[in-house]
Amino acid sequence: MDLPEVRGRLTPDYDLSGLTWLRIGGPAEVLFQPADVEDLAAFLGALDPEVPVFPMGVGSNLIVRDGGIEGVVIRLGRGFNDIECGDGRVLAGAAALDAHVARKAAQAGLDLTFLRTIPGAIGGAVRMNAGCYGTYVADHLVEVEAVTRDGKIITIPAADLHLAYRSSDLPEGCVVTRAVFAAESGDLDELQARMDEQMAKRDESQPTKERSAGSTFRNPAGHSSTGRADDTHELKAWKVIDDAGLRGHRLGGAQMSEKHPNFLLNAEDASAEDLETLGEFVRERVFQHSGIQLEWEIRRVGKTRRAG
């Protein structure tokens, strides 16, 4: 593969398993870590348009299959993790962690507390319209800066992304580099107390100390948990999995969590194949039990096995 000159770092045959929260998966044919947005734009503008490109965040919601990913995996780093707050706006680089953005905003008296318990970085949060407790990225996003597959730096208004439950209409091959959020003012102590409460609730109900990729399947109800007293569980993914008798179910080194049945765990040296196979088994068994077709929330990418 002919690659353009860059100021960042190009690494062939890069083992991606260390970059995913599940600690599984094969190599990237090439990993590109751009120095800044101009470096990224120049690279994509000069790269053969036939070469596939996959933007990767911090790997918090991702299964990289055992055969790895063909083409170029783009991972944004220090040049893309800035956070600026002021005048009811928060500007966050795509590599900034959601939790860091929530805390930095609170310190500036701005309320983006819903981001505090969401694993991952801002780029992925935008792409998946991440949310919890009834609040989503769509409720606060103003616009994003992105680089198109042909190397143009563009600004996309939030309305043009058509953000829906765990989905967006980002152009194919587009790499989000920065997002702008609108945030209401709030008292720092109150915002901190709310985030502490959210963290305690998460740690009580989710296997936060295990190797997981967050929620495995989307809620059939079509929305995230609100945390309110009137929030029913009948159409929650964890409930239909539990009802099908799959809490704690195991396949090889992969397991559905005993604590939260919608969390797929790398319990003991699981392969990507173990994890995906268990997930598909759960989908089949839930459908047989309740007629509900679960949809993956975890992104699954790459080849099932390495060629040759």
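See the structure printed just above.
Being a predicted model, the structure only gives us computed values, none of them experimental. In this convention, every chain numbers its residues from 1, walking through the sequence in written order. Per-residue local features are limited, in this predicted model, to residues with pLDDT of at least 70; the limit for side-chain atom pairs, both in listing and counting, is 80 or more; totals at the level of whole chains, interfaces and linings are taken over all residues. No hydrogens and no water enter the side-chain calculation; it runs on all heavy atoms of the structure.

Chemist: I would appreciate a short explanation of the sheet that holds strand β6 (residues 83-86) in the present structure.
Modeler: Any two strands with at least two DSSP-identified bridges between them are counted as paired. Every helix listed is a DSSP run of H or I at least four residues long, and every strand listed is a run of E at least two residues long, numbered separately from the N terminus. Taken together, the 5 strands give an open sheet; going across it, the order is β6-β7-β13-β11-β12, and neighbouring strands pair in antiparallel fashion. Strand pairing shows two members of the sheet lacking a second neighbour, β6 and β12 (153-157), which therefore form its edges. Strand-to-strand twist of the sheet, defined as the mean angle between neighbouring strand axes without regard to direction, takes the value 15°. As judged from the 5 bridges shared by strand β11 (residues 141-147) and β12, these two strands associate in the antiparallel manner. Bridge pairing links A146 to I154 in β12. Running at roughly 55° to β11, helix α1 (residues 37-46) makes contact with β11, β12 and β13 (175-182) of the sheet. By definition in these notes, contact holds between two residues if any of their heavy atoms fall within 4.5 Å. The axes are straight lines fitted to the C-alpha atoms, using for helices just the contacting stretch, and the angles between their N-to-C directions are given from 0 to 180°. Sitting on the sheet, helix α2 (residues 98-107) touches β6 and β7 (89-93), and the angle it makes with β6 is about 30°.

Chemist: Teacher, can you tell me more about the nonpolar core here?
Modeler: Nonpolar side chains in soluble globular proteins generally cluster together in the buried interior. Counting residues in each nonpolar core, the largest one holds 52 residues, and the members touching the most others are I74, V101, L112, I122, V137, L141 and F181. It is α1 that provides the largest number of residues to this core, a total of 5 residues. In this structure, L112 is in contact with V90, V101, A102, A105, H140, F181, A182 and A183, ignoring residues within four places of it in sequence. One finds F217, L246, A254 and W296 within the second-largest nonpolar core, a separate group that totals 23 residues. Residue types Ala, Val, Leu, Ile, Met, Phe, Trp, Tyr and Cys, when buried and joined through side-chain atoms within 4.5 Å, form a set referred to as a nonpolar core. Relative accessibility decides the category of a residue: with a 1.4 Å probe and only protein chains considered, values under 20% of the type maximum give buried, values over 50% give exposed, and everything between is partly exposed.

Chemist: Mind showing me how you'd approach the sheet that holds strand β18 (residues 263-266) here?
Modeler: Across a sheet, strands are paired by hydrogen bonds formed along the backbone, either parallel or antiparallel in direction. Read across the open sheet, the 4 strands follow the order β15-β18-β17-β16; overall the sheet is antiparallel. Edge strands, defined here as strands with exactly one partner in the open sheet, are β15 (212-215) and β16 (250-251). The pairing of β16 with strand β17 (residues 254-256) spans 2 bridges and is classified as antiparallel. Within β17, the residue paired with R250 across the bridge is Q255. Contacts between helix α6 (residues 272-290) and the sheet are confined to β16, β17 and β18, with β17 contributing the most and set at about 35° to the helix.

Chemist: Is there a simple way to think about the packing of aromatic side chains in this case?
Modeler: A ring pair, where both rings are aromatic, is described by two values, the distance of the centres and the angle of the planes. When two rings of Phe, Tyr or Trp (its six-membered ring) have centres within 6.5 Å they constitute a pair, described as stacked for plane angles under 30 degrees, edge-to-face for angles over 60, and tilted for the intermediate range. The full count for this structure, using the stated rule, is 2 aromatic pairs. Considering the side-chain rings of F217 and W296, the 5.1 Å spacing of their centres and the 55° angle between planes classify their relative orientation as tilted. Within this pair, whereas F217 is found in the loop between β15 and α5 (237-243), its partner W296 is found in the loop between α6 and β19 (299-301), the two being separated by 79 residues in sequence. The exposure class of F217 is buried, given its relative accessible area of 1%.

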